[in-house]
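What follows is each chain in one-letter form.
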Amino acid sequence: MTAPALLAPRRAGHLKVCGARTRADLALLADTGPTLVGLWHGVPGGPADLEADRLADLAATAIRLGLEPVLVTFLDDARKIAALARATGIRWIQLHAYQSPALVADLREQLPYAVLVKVLHLSRGRCLERAFTGAFERAGCDLFLLDTVTDDGRVGSTGQALDPAHVHALLPRLTIPFLLAGGLNTTNRDTYRTVTDHPLYAGADIDTAARDRTGRFTHEAVTALTRAWHPRLQETPA
Ligand SMILES: O=C(O)c1ccccc1N[C@@H]1O[C@H](COP(=O)(O)O)[C@@H](O)[C@H]1O
């Protein structure tokens, strides 16, 4: 038997669950293992879009519960986003629309401490921002998030999985870490082993599979996702 002192804990990256709407959602997530929670603001028509005061309340609750709140937004006004971040204490910002490298540079200047996440959209395997990945990195982006855009142009919460081969085709262009999204669930975990073994892999981001048919998070679903995508401590001999 290996002595506990010789066992080095190794984290398996982040698990982010997106679109919390209530304090009860946050309590459920804090209880079931995710490290990051997505809070929407500036997502027009989004079912989990939050008014600014509710965003502030949920961000504070998330922090109290040990979850890192992530502002998920389509906004492209750096001043507005920075003001929201300052007012709510949110440190992670996920730019989920087609915001530009210039916006990232502007945000980086205004929020030197923030973790800036830019979504890269894959449509039929082709990354729409492929030509701009270097520009995003130079602008101060900390992480990319790889997600699906559907044939009819939907982004976010598509439930549609990416082909790992398409992800691998993009990875040589990246020099900063990435989160993986797009229809991730417990049954397709093994499909992505080569992606999640990549040295820049930083975690998984899930919406659809965390919910039941009525759109609510369930304890069972999130626990199963945590086991599959975010085994907290893997005991490895040092
Ligand atoms: O969760 C949403 O509905 C959402 C809405 C607007 C922008 C981003 C959104 N979530 C992102 O969707 C993917 C995961 O979705 P799924 O697991 O494929 O349903 C992830 O990037 C979330 O951050």
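Residues numbered from 1 in each chain as written. Predicted model: local features only at pLDDT ≥ 70, side-chain atom pairs only at ≥ 80, totals over all residues.

Thoughts on the site of the ligand
Moving on, step 1. Taken together, 22 residues sit near the ligand, with Gly156, Ser157, Ala181, Asp207 and Thr208 positioned nearest.
Moving on, step 2. Here the shell around the ligand is built from residues that sort into 8 nonpolar, 11 polar and 3 charged. (Near = placed C-beta within 6 Å. Nonpolar A, V, L, I, M, F, W, Y, C, P; charged D, E, K, R; others polar.)

Let's talk about the nonpolar core
Looking at soluble globular proteins, one finds that nonpolar side chains tend to be buried together.
Moving on, step 1. Within the largest apolar cluster, 63 residues are counted, with the highest numbers of intra-cluster contacts made by Val37, Leu39, Ile93, Leu145 and Leu146.
Moving on, step 2. At 5 residues, the largest contribution of residues to this core is made by strand β6 (residues 115-123).
Moving on, step 3. Contacts of Leu145, omitting those with residues within four sequence positions, involve Gln94, Val117, Val119, Leu120, Phe178, Leu179, Ala181 and Asp205. (Core = buried A, V, L, I, M, F, W, Y, C linked by C-beta atoms within 7 Å. Buried ≥ 20, exposed ≤ 12 C-beta atoms within 10 Å, placed from the backbone. Helix = DSSP H or I, 4+ residues; strand = E, 2+ residues; numbered from the N terminus. Contact = placed C-beta atoms within 7 Å.)

Quick word on helix α2 (residues 52-64)
Moving on, step 1. Here α2 spans 18 Å end to end across 13 residues, near enough to the 18 Å set by a 1.5 Å rise per residue.
Moving on, step 2. Within the sequence span of α2, burial applies to Leu55, Leu58, Ala59 and Ala62. For α2, the arc enclosing every buried residue in end-on projection is 105°, short of the 170-degree limit, so these residues lie on one face. Of the exposed residues in α2, those oriented more than 90 degrees away from the buried face are Asp53 and Arg64.
Moving on, step 3. Residues of α2 that are buried sit in contact with α1 (23-32), β3 (36-40), β4 (68-73) and α3 (78-88).
Moving on, step 4. The first or second residue beyond α2 is Gly66, which carries a positive phi of 90°. (Expected span 1.5 Å × (residues − 1). Arc of directions from axis to C-beta.)

Some remarks on the packing of α1 against helix α8 (residues 219-229)
Moving on, step 1. With their axes 9 Å apart at the nearest point, α1 and α8 run at an angle of 35° to one another. The element α1 and its partner α8 pack so that their crossing is right-handed. Contact with α1, carried on its side by Leu28, Leu29 and Thr32, involves His219, Val222, Thr223 and Thr226 of α8 and no other residues of that element.
Moving on, step 2. By residue class, the composition of the contact of α1 with α8 is 3 nonpolar, 4 polar and no charged. (Axes fitted to C-alpha atoms, helices over the stretch in contact; angles between N-to-C directions. Left-handed = near helix turned anticlockwise from the far one by under 90°.)

A look at the pairing of strand β8 (residues 143-148)
Moving on, step 1. The element β8 is largely enclosed, with a buried count of 6 among its 6 residues.
Moving on, step 2. Burial along β8 is two-sided: the face carrying Leu143, Leu145 and Asp147 and the face carrying Phe144, Leu146 and Thr148 are both buried.
Moving on, step 3. Pairing of β6 with β8, which is carried by 6 bridges, proceeds in the parallel orientation. Note on β8: the bridge partner recorded for Val117 is Leu143.
Moving on, step 4. Bridge count between β8 and strand β9 (residues 178-180): 3 bridges; the pairing is parallel. Counted as the bridge partner of Leu146 is Leu180 from β9. (Pairing = 2+ DSSP bridges.)

Describing α8
Moving on, step 1. Within α8, the full set of buried residues consists of Ala221, Val222, Leu225, Thr226 and Trp229. Seen end-on, α8 carries its buried residues on one side only, within an arc spanning 135°. Opposite its buried face, α8 presents the exposed residues His219 and Glu220, each directed more than 90 degrees away.
Moving on, step 2. Where the residues of α8 are buried, they touch β2 (14-18), α1 and β10 (201-206).

Side note on unusual backbone geometry
Most of the time, phi is negative for any residue but glycine, and the peptide bond is trans.
Moving on, step 1. One non-glycine residue, Arg124, lies in positive phi territory at about 45°.
Moving on, step 2. Looking at the element boundaries, Arg124 is found in the loop between β6 and β7 (126-127).
Moving on, step 3. If you check the backbone angles, Ser157 has positive phi at about 55° while not being a glycine.
Moving on, step 4. Inspection of the secondary structure assignment puts Ser157 in the loop between β8 and α6 (164-170).

Function cannot be read off these values alone, since they describe shape.
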